[in-house]
Amino acid sequence: MLTTLDLLTANDTPGCHAPSYYAATANAMTAHPRLDETLNCQVCIVGGGYTGLSAALHLAEKGLDVVLLEANRIGWGASGRNGGQVGSGQRVEQTELEQRHGQAHAKLLWGLAEESKALVRGLISRHGIACDYSPGILHADHRKSYVEESRDYVEHLRLVYGYEDIRFVDGDEIGQHVGSPRYFGGSLDMGAGHLHPLNFALGIGGAAQAAGAKIFEETRVNGIDGKGSGRITVRTATGDVKADHLILACNGYLGRLDRQTAAHVMPINNYIVATEPFSEEEAKQLIGNNAAVADSKFVINYFRLSADRRLLFGGGENYGYRFPDDIKSFVRAPMLEIFPQLKDVGIDYGWGGTLAITPKRMPYFARLAPNMLTATGYSGHGVAMATLGGQILAEAVSGTAGRFDVFDKLEIPAFPGGDRLRFPLLVLAMTWFSLRDRLGF
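My aim in this report is to walk through the structure given alongside it, one point at a time. (Residues numbered from 1 in each chain as written. Predicted model: local features only at pLDDT ≥ 70, side-chain atom pairs only at ≥ 80, totals over all residues. Heavy atoms only, no water.)

## Quick word on the packing of helix α3 (residues 94–101) against helix α5 (residues 147–160)
Between α3 and α5, whose axes approach to 10 Å, the crossing angle comes to 65 degrees. If you check the angle between α3 and α5, you find them roughly perpendicular. Between α3, through Q94, T95 and E98, and α5, the contact on the second element is made entirely by Y153, H156, L157 and V160. Of the residues assigned to the contact of α3 with α5, the class counts are 3 nonpolar, 3 polar and 1 charged. (Axes fitted to C-alpha atoms, helices over the stretch in contact; angles between N-to-C directions. Helix = DSSP H or I, 4+ residues; strand = E, 2+ residues; numbered from the N terminus. Parallel < 35°, antiparallel > 145°, perpendicular 65-115°, else oblique. Contact = heavy atoms within 4.5 Å. Nonpolar A, V, L, I, M, F, W, Y, C, P; charged D, E, K, R; others polar.)

Encoded structure:
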């Protein structure tokens, strides 16, 4: 059954990165050992994506003894396959967060989001991570009725939050930025940016190892014993780790390793293609200012240019957990809706990956036991927020929980039926979101 698919193995070759443009252009491939013994440490981290790697780095820099276990390769999951957008704010707009939680709490969340972008840029600078960071994200409205909302939202961010790096883009200007007839306006955020996500993850991993963290790859965790009762034992097929604290940083690939966390997140798949390279002039005809683009559809299209001037385009609706047989053809259809002029352009890479969403589209931070923490469910907004999430978890382990509590107090609900009904809920949700896009409401 689809509900029992093992997402760590269902669509990918274990131990190998997805056949993506990112893997093909990685600065280096890792070869950390498998765990083959019993280790004792202060903190064990399960998951080698942004959250886990950032937590490992910040804990190791504090002098703690850290062991990180990754079932495949670090950066193997969504952290190494995503659209590379380093966005402002949270996944949910500030006006909605104000309605949900009040303006004071919404401002705390905005402040943390600003810190997340600064952390990404700071890590890149401090550790010399070569990941092609470029400024700018254009939020493009695919319906005329959304344009005034974009204008109002820009003004809200500028007046209420003092955010001056964003400006409104009208219908005439957006055509100068994106060579598509599909958009009617939007906003340009030069305080946001985009990067090579796998190289960024690998860079954090290298920094964590240099700081003293022990990293083990191809080491899948099979069980956890002793939660809340002293030391925790993390079991794998080839060895165990005994730790004072445990961090779960598995996101969409958690499975049922922890049922409480699994009940709060739903895995969903996304797909991206990379075209053949364009000339400099051809690339400017597609995206004139080299910003990344994310549009206003519920089933979002997101795209940007790579450092070697390929179009990296993500999109497409999917109602199950199996990847399409032909990802290139699957994503070509929404790509041609936006850029019909690319009908004869070759696609060199096509890949998929699994992320995790929550019912409220905000990350789930939780203390699962006195010595067990998790942060997950970034809902497609994880490049910066997951990196900050790892730093926040490191703080919480060390006894400073102020920033952790800002997210914990969101009280993210579980999905109805917990992890047992996630697949039928996924089908219903994707059908509803697709219908909203088609009918325009």
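Don't stop here, the text continues.
## Focus: helix α2 (residues 50–61)
Residues three or four positions apart in an α-helix share a direction because the helix packs 3.6 residues into each turn. The terminal C-alpha atoms of α2, which comprises 12 residues, lie 16 Å apart, in line with the 16 Å expected from a rise of 1.5 Å per residue. Most of α2 sits out of view: 11 of its 12 residues are buried. Of all the positions in α2, only Y50, T51, G52, L53, S54, A55, A56, L57, H58, L59 and A60 are classed as buried. Where α2 ends, the next residue or the one after it, G63, has phi of about 90 degrees, a positive value. (Expected span 1.5 Å × (residues − 1). Buried < 20%, exposed > 50% of the residue type's maximum accessible area, 1.4 Å probe, protein only.)

## Section: the side chain of T374
Residue placement: T374 occurs in strand β17 (residues 372–376). In this structure T374 touches L248, T261, Y364, F365, A366, L368, L393 and F404, once residues within four positions along its chain are discounted.

## Here's the deal with the packing of aromatic side chains
What the rule picks out here adds up to 13 aromatic pairs. Judged by centre distance (5.1 Å) and plane angle (75 degrees), the rings of W110 and Y163 are edge-to-face. One end of the pair, W110, is in helix α4 (residues 103–127); the other, Y163, is in the loop between α5 and β5 (166–169), and 53 residues separate them in sequence. By relative accessible area, which is 7% here, W110 ends up buried. An angle of 10 degrees between the planes, with centres 4.5 Å apart, marks the rings of F365 and F407 as stacked. Residue F365 is found in strand β16 (residues 364–369), and its partner F407 is found in helix α12 (residues 402–408); the two are separated by 42 residues along the sequence. Look at F365 and you get buried, because its relative accessible area is 2%. By relative accessible area, F407 is classed as buried at 1%. (Phe/Tyr/Trp six-rings, centres within 6.5 Å; stacked < 30°, edge-to-face > 60°.)

## Some thoughts on the pairing of β17
Across the 5 residues of β17, 5 count as buried, placing the element largely inside the fold. With 3 bridges connecting them, strand β10 (residues 240–248) and β17 associate as parallel partners. When the sheet's bridge partners are listed, L246 is paired in β17 with M372. Across 5 bridges, the pairing between β16 and β17 is antiparallel. Bridging from a neighbouring strand, Y364 pairs with T376 of β17. Between the antiparallel neighbours β16 and β17 lie 2 residues. (Pairing = 2+ DSSP bridges.)

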